[in-house]
Amino acid sequence: MKIELVELRRIAIPLVRPFRTSFGTQTERDILLVRVVTDVGEGWGECVALSDPVYSSEYVSGAHQVLRDYLVPQVLTAPLSSTRRLAERTSSVVGHRMAKAALETALLDAELRAASMSMATYLGGTRDRVDCGVSVGIAASVPALLDEVRGYVEEGYRRIKLKVEPGWDIEPVAAVRAEFGEELLLQVDANTAYTAADVRHLARFDEFGLLLIEQPFDEEDIESHRVLAEAISTPVCLDESVVSAASAADAIRRGACTVVNIKAGRVGGYLEAARVHDVCVALAVPVWCGGMLETGLGRAANVALASLPGFTLPGDTSASSRYYREDITEPFVLQDGRLAVPQGPGIGVLPRMDVLDAVTTSREELAAR
Ligand code: OSB
Ligand code: MG
């Protein structure tokens, strides 16, 4: 594959409602998209980095810069025999997994379109629809939360995830459990808001029959997750801490988690995400597909990933309408609590150029010279 041109495009797109987590409130997404033009065709990738370095160390302007100044020049210099060779081509750049993932996805999309193969088939997907959950932000009040959750339950979401933080944890979880009953699949996500001193407090979640508690402690604090996992009956799941297949295997072997949230951006791309899936399957750990408030471009690839056999829990792969009034692709629509896995070649979707152009805030093209 000869990469002739790489376009870096920034878009600004408002969320349908503010999304508050323990690390801040997102009201709009400032997203970097990557389009590659190669001798075999074009491909698209979405960078999941948020505007600010509050979920992880990466942020959108940093990803943009590292792509422009380091990663894109490395792929423009010489042909790449396949997307599988990208990691070694860019190995001199430490970290910046979300930036690398966006470029890899665009190249993989181009390569698979040329081969007329879907991303799901390529990654080893085994189902054509995936179970969907929804991530519910910290609300202004418990009644407001119940209203929001009721709306999602009525839409058919198969699992509810509540964002929690100190001061917004036991009470909202108890209220949702009381309102919607024992049958509701319910889990919580703390985005690192607690410390090891909170183990006894977090044990109070045990009475609510949660599917899991996601990432209560710091990204680097595997040991506290192990201590918590030993102290409580609720399964512990890691998100931020899992940055590779090796770190997933390490955390599992150390007893820090029994469930893993897989986000391709966080681990450097869909190829590594499939390897995280594979080690988790080998260690009998269920996985689910996380989300980063993606547009339809990123969602398409996430849904393909979620079609792999180890994804046995509903993912944060919600419908377009949960995020955006108007998605940049054809909208993903929930059908009986599920999304259909795109079957077309590559990621299986394309941006609607009129919608995309209307939300574009900047665009630059880098060409081989
Ligand atoms: O921790 O899973 C998270 C969104 C942005 C950053 C981190 C997280 C999230 C979500 C929403 O929980 C997932 C989604 O619906 O895309
Ligand atoms: Mg999370």
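Residues numbered from 1 in each chain as written. Chains lettered and ligands numbered in written order. Predicted model: local features only at pLDDT ≥ 70, side-chain atom pairs only at ≥ 80, totals over all residues. Heavy atoms only, no water.

- Per an unreviewed UniProt entry, the protein goes by o-succinylbenzoate synthase and derives from Pseudonocardia aurantiaca.
- Its UniProt record, at the heading Cofactor (unreviewed entry), says of the protein: "a divalent metal cation". (UniProt positions renumbered as here; feature names shortened; annotations may be inferred.)

## Brief notes about the packing of aromatic side chains
Part 1 of the argument: On inspection of all chains with the given rule, the structure shows three aromatic pairs.
Part 2 of the argument: Judged by centre distance (6.1 Å) and plane angle (35°), the ring pair of Tyr323 and Tyr324 falls under tilted. Each member of the pair, Tyr323 as well as Tyr324, carries the same accessibility label: buried.
Part 3 of the argument: Stacked on the ring of Trp288, the Lys or Arg Arg159 has its end atom at 5.2 Å from the ring centre. (Phe/Tyr/Trp six-rings, centres within 6.5 Å; stacked < 30°, edge-to-face > 60°. Buried < 20%, exposed > 50% of the residue type's maximum accessible area, 1.4 Å probe, protein only. Lys NZ or Arg CZ within 6 Å of the ring centre and 35° of its normal.)

## Things to note about the domain arrangement of the protein
Part 1 of the argument: As assigned here, the protein comprises domain 1 (3-116 + 349-367) and domain 2 (121-340).
Part 2 of the argument: Using C-alpha coordinates to define each centre, domain 1 is positioned 23 Å away from domain 2.
Part 3 of the argument: In this assembly, 37 residues from domain 1 lie in contact with 47 residues from domain 2.
Part 4 of the argument: With both chains or domains summed, domain 1 and domain 2 bury close to 3700 Å², and 63% of this area falls on carbon and sulfur atoms.
Part 5 of the argument: Taken together, the connections running from domain 1 to domain 2 amount to one salt bridge.
Part 6 of the argument: Notably, a salt bridge pairs Arg20 with Glu165, separated by 2.9 Å at the nearest N-O pair.
Part 7 of the argument: Secondary structure elements with two or more residues in the side of domain 1 that touches domain 2: strand E1 (3-21), strand E2 (24-38), strand E3 (41-47), helix H3 (97-114) and helix H13 (353-359).
Part 8 of the argument: Tallied by class, residues from the side of domain 1 that touches domain 2 come to 23 nonpolar, five polar and nine charged. (Domains from an automatic or database assignment. Contact = heavy atoms within 4.5 Å. Buried area = accessible area lost by both parts, 1.4 Å probe. Salt bridge = Lys/Arg side-chain N within 4 Å of Asp/Glu carboxyl O. Helix = DSSP H or I, 4+ residues; strand = E, 2+ residues; numbered from the N terminus. Nonpolar A, V, L, I, M, F, W, Y, C, P; charged D, E, K, R; others polar.)

## Here we look at helix H8 (residues 222-231)
Part 1 of the argument: Taken together, the buried positions of H8 are Ile222, Ser224, His225 and Leu228. Viewed end-on, H8 has its buried residues packed into an arc of 160°, placing them on one side of the element. (Arc of directions from axis to C-beta.)

## Some details on the sheet that holds strand E9 (residues 236-238)
Part 1 of the argument: One open sheet accounts for seven strands, arranged E5-E6-E7-E8-E9-E10-E11; its pairing is parallel. The sheet is open, and its two borders are formed by strand E5 (133-136) and strand E11 (287-289), each paired with just one other strand.
Part 2 of the argument: Where strand E6 (residues 159-163) and strand E7 (residues 186-189) come together, four bridges link them in parallel fashion. Residue pairing across strands places Lys161 opposite Gln187, the latter belonging to E7.
Part 3 of the argument: Against the sheet, helix H6 (residues 170-180) touches E6 and E7, its axis set at about 165° to E7. (Pairing = 2+ DSSP bridges. Axes fitted to C-alpha atoms, helices over the stretch in contact; angles between N-to-C directions.)

## Considerations on the nonpolar core
Part 1 of the argument: The biggest cluster of nonpolar side chains holds 92 residues, and the ones touching the most others in it are Leu162, Phe205 and Val260.
Part 2 of the argument: Ranked by residues supplied to this core, first place goes to helix H12 (residues 296-306) with seven residues.
Part 3 of the argument: When residues are assigned to domains, this core turns out to be shared by domain 1 (3-116 + 349-367) and domain 2 (121-340), each giving three or more.
Part 4 of the argument: The residues contacting Phe205, other than those within four sequence positions of it, are Val164, Asp169, Ile170, Val173, Val188, Leu210, Ile213 and Thr234.
Part 5 of the argument: By size, the runner-up hydrophobic cluster in this structure holds 33 residues, among which are Met98, Ala102, Leu107 and Met292. (Core = buried A, V, L, I, M, F, W, Y, C linked by side-chain atoms within 4.5 Å.)

## Some details on the site of ligand 1
Part 1 of the argument: Of all residues adjacent to ligand 1, which total 17 residues, the nearest are Ser135, Asp189, Asn191, Leu293 and Tyr323.
Part 2 of the argument: Asp189 is positioned such that a nitrogen or oxygen atom in its side chain is 3.0 Å from an oxygen atom of ligand 1.
Part 3 of the argument: In the environment of ligand 1, an oxygen atom lies 3.2 Å from a nitrogen or oxygen atom belonging to the backbone of Met292.
Part 4 of the argument: Looking at the shell around ligand 1 residue by residue, the class counts come to six nonpolar, three polar and eight charged. (Near = heavy atom within 4 Å. Polar contact = N/O pair within 3.5 Å; in protein donor to acceptor, adjacent residues only side chain to side chain.)

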